Amino acid sequence: AEWPAVINADELDAAVGNTALVVPDGLANAGQAGRRASAAGDLDGDGFGDVLISDGGAFDYTFVYYGGADLPAQYGVGDDPRNTSLEHPCRASGTTFGSDLAGGVDLDGDADGRPDIMVGDYIGKRIAVFDQALASVDCVAAGEVQFGADFDLAGDVNGDGAVDLIAAHADDQGRPLDALVLYN
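Participant: Now, about a nonpolar patch on the surface: what can you tell me, with residues and values included?
Facilitator: On the surface, Val157, Ile166, Val181 and Tyr183 cluster together into a nonpolar patch covering about 340 Å² of accessible area. Assignment of secondary structure puts Val181 in strand 13 (residues 176–182). For Val181, a relative accessible area of 35% translates into the label partly exposed.

Participant: A description of the nonpolar core should follow, citing residues and the corresponding values.
Facilitator: With 14 residues, the main nonpolar core has Leu43, Val64, Leu86, Ile117, Phe130 and Leu134 as its most contacted residues. Secondary structure elements with two or more residues in this core: strand 8 (116–121) and strand 9 (126–130). Apart from the residues within four sequence positions on either side, Ile117 is in contact with Ala40, Leu43, Leu52, Val64, Leu86, Ala102, Gly103, Ala128, Val129, Phe130 and Leu134. Grouped together as the second largest cluster of nonpolar side chains are ten residues, Ala102, Val129, Phe147 and Leu165 included.

Participant: Go over the side chain of Ser54 with me, naming the residues and quoting the values.
Facilitator: Looking at where Ser54 falls in the secondary structure, it is placed in strand 3 (residues 50–54). Given a relative accessible area of 0%, Ser54 falls into the buried group.

Participant: Could you give me a rundown of the pattern of salt bridges, with the residues and numbers involved?
Facilitator: According to the stated counting rule, one finds five salt bridges in the structure shown. Residue Asp46 pairs with Arg82 through a salt bridge whose shortest N-O separation is 3.3 Å. Pair noted here: Asp46 is in the loop between strand 2 (37–41) and strand 3 and Arg82 is in the loop between strand 5 (74–76) and strand 6 (84–86), with a separation of 36 residues, a long-range link. The class of Asp46 is partly exposed, set by a relative accessible area of 32%. Arg114 is the salt-bridge partner of Asp112, the closest N and O atoms lying 3.7 Å from each other. Among the charged side chains, a network of salt bridges with common partners joins Asp44, Asp46, Asp80 and Arg82.

Participant: A description of the pairing of strand 12 (residues 164–170) should follow, citing residues and the corresponding values.
Facilitator: Along strand 12, five of the seven residues are buried, which leaves the element largely enclosed by surrounding structure. The sheet contact formed by strand 11 (residues 150–155) and strand 12 spans five bridges and is antiparallel. Within strand 12, the residue paired with Phe151 across the bridge is Ala167. Note: strand 12 against strand 13, six bridges, orientation antiparallel. In the strand pairing of strand 13, Leu165 is matched with Leu182. Adjacent in sequence and paired antiparallel, strand 12 and strand 13 are bridged by five residues, among which Gly174 carries a positive phi angle near 85°.

Participant: Could you give an account of unusual backbone geometry, naming the residues involved and the relevant values?
Facilitator: Backbone geometry places Asp70, a non-glycine residue, at a positive phi of 60°. Note on placement: Asp70 falls in the loop between strand 4 (62–65) and strand 5. Positive phi outside glycine occurs at Lys125, with the angle close to 60°.

Participant: Quick one: what's the story with the sheet that holds strand 3, residue by residue and with numbers?
Facilitator: A sheet is described by the order of its strands in space; here four strands give the open sequence 2-3-4-6, paired in antiparallel fashion. Each having just a single partner strand, strand 2 and strand 6 make up the two edges of the open sheet. Neighbour-to-neighbour, the strand axes of the sheet open up by a mean angle of 30°, direction not taken into account. Across three bridges, strand 4 lies against strand 6 in antiparallel orientation. If you follow Phe63 over to strand 6, its bridge partner there is Ser85.

What counts and what doesn't
Residues numbered from 1 in each chain as written. Predicted model: local features only at pLDDT ≥ 70, side-chain atom pairs only at ≥ 80, totals over all residues. Heavy atoms only, no water. Patch = residues over 30% accessible without salt bridge, like charges linked within 9 Å, V, L, I, M, F, W, Y side chains within 5 Å. Areas by Shrake-Rupley, 256 points an atom, 1.4 Å probe, with all protein chains shown as cover. Salt bridge = Lys/Arg side-chain N within 4 Å of Asp/Glu carboxyl O. Helix = DSSP H or I, 4+ residues; strand = E, 2+ residues; numbered from the N terminus. Buried < 20%, exposed > 50% of the residue type's maximum accessible area, 1.4 Å probe, protein only. Core = buried A, V, L, I, M, F, W, Y, C linked by side-chain atoms within 4.5 Å. Contact = heavy atoms within 4.5 Å. Pairing = 2+ DSSP bridges. Axes fitted to C-alpha atoms, helices over the stretch in contact; angles between N-to-C directions.

Taken by themselves, the reported measurements are silent on function.
What follows is the structure, given as structure tokens:
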């Protein structure tokens, strides 16, 4: 096999384990769909993993695709009624909703223990948290420049039994400053 591997999305074959996630026409930002992608965990409890992708450079659209058996080679938002575009629950001026994505862990501590997801917006300086039903649970905002551009689950940093979040932020030129641990 040659390295690096080159995959042409038009030649994907679901029968051999390949599926391209397709965003609706007109919403992909300059062909950059999938610039950010993340596992979401099994949001609906059907035993299949679900995924998140954002639309690219200017962001503003974040899509949820539900997994399942026998997915087609090209899998669009409209191919399953559960697939959807998330709305920004705490929009500020400007938007980069989808600048970073994370999920797959129960953050809200509900009884079913199903995973929740997070979507960043670094211009708005926010991280939106959604539960497994895609309802907005929380919006974390900070005054730091480009807060929400890069974040991840940090594990249980303070030992209280809840998963915490680590978020980096940068100055207005994109130079990294430091990181914040946000206790859940």
